[in-house]
Amino acid sequence: MSDNEMMDKEEIFSKVLRAGRRTYFFDVRATKAGDYYLTVTESKKFTNDDGSFHYKKHKIYLYKEDFAGFTEILNEMTDFIVDEKGEEVISERHQKDFQKSYEKDEMEDDNTEEVIASTESFTDVNFDDI
């Protein structure tokens, strides 16, 4: 195994964020000199027509000297997006079964009322009479 492969294998600290078909891996790793850096890996699952699947991965290496600038710009960009578009995920609206959370609550309330109404109006049926 080469030194680069050994370096990639040594994880000091790791966290995972699962987000639908994407998974983000945050790994602290060590350089040859013993310093630490961060890798962020996005792994995205793709399903083939035959039902098999594969993953595509993209990796970012982030070194300490870049942390402040990276964090500043990341926060600025995420704040801009939330300020401009809010926290609702617009792409969810395009899913076939999408309902806003308040619509789901209303439907659940309606379903509860229907169940109550239907059980209250229930009458005994004698199958001999049919």
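Residues numbered from 1 in each chain as written. Predicted model: local features only at pLDDT ≥ 70, side-chain atom pairs only at ≥ 80, totals over all residues. Heavy atoms only, no water.

Caption draft 1: Just the pattern of salt bridges, in detail. This structure, assessed with the given rule, holds two salt bridges. Of the charged contacts in the structure, one is a salt bridge between Asp27 and Arg29, with a shortest N-O distance of 3.4 Å. You can call Arg29 buried: its relative accessible area is 4%. (Salt bridge = Lys/Arg side-chain N within 4 Å of Asp/Glu carboxyl O. Buried < 20%, exposed > 50% of the residue type's maximum accessible area, 1.4 Å probe, protein only.)

Caption draft 2: Geometry of the pairing of strand E4 (residues 53–63). Bridge count between strand E3 (residues 36–47) and E4: 11 bridges; the pairing is antiparallel. Paired with Thr39 across the bridge in E4 is Tyr61. Between E3 and E4, which pair antiparallel in sequence order, lie five residues; one of them, Gly51, sits at a positive phi of approximately 95°. (Pairing = 2+ DSSP bridges. Helix = DSSP H or I, 4+ residues; strand = E, 2+ residues; numbered from the N terminus.)

Caption draft 3: Representation of the confidence of the model for the protein chain within the structure. Per-residue pLDDT for the protein chain averages 78, and the proportion of residues at 70 or more is 62%. Mean pLDDT across the elements of the protein chain ranges from a minimum in helix H3 (residues 101–120), with 50, to a maximum in helix H2 (residues 67–85), with 96. (pLDDT = per-residue confidence, 0-100.)

Caption draft 4: Quick peek at the side chain of Thr41. One can find Thr41 in strand E3. Every residue in contact with Thr41, bar those within four places of it in the chain, is listed here: Thr23, Tyr24, Phe25, Lys57, His58 and Lys59. (Contact = heavy atoms within 4.5 Å.)

Caption draft 5: Structural view of the packing of aromatic side chains. Applying the stated criterion across every chain, the model contains three aromatic pairs. Both rings, one in Phe53 and one in Tyr55, keep their centres 5.8 Å apart while their planes meet at 85°; by these two values the pair is edge-to-face. What makes Tyr55 partly exposed here is its relative accessible area of 45%. Between Lys45 and the ring centre of Phe53, over which it is positioned, the NZ or CZ distance is 4.1 Å. Cation over ring: Lys56 sits above Phe46, and NZ or CZ is 5.1 Å from the ring centre. (Phe/Tyr/Trp six-rings, centres within 6.5 Å; stacked < 30°, edge-to-face > 60°. Lys NZ or Arg CZ within 6 Å of the ring centre and 35° of its normal.)

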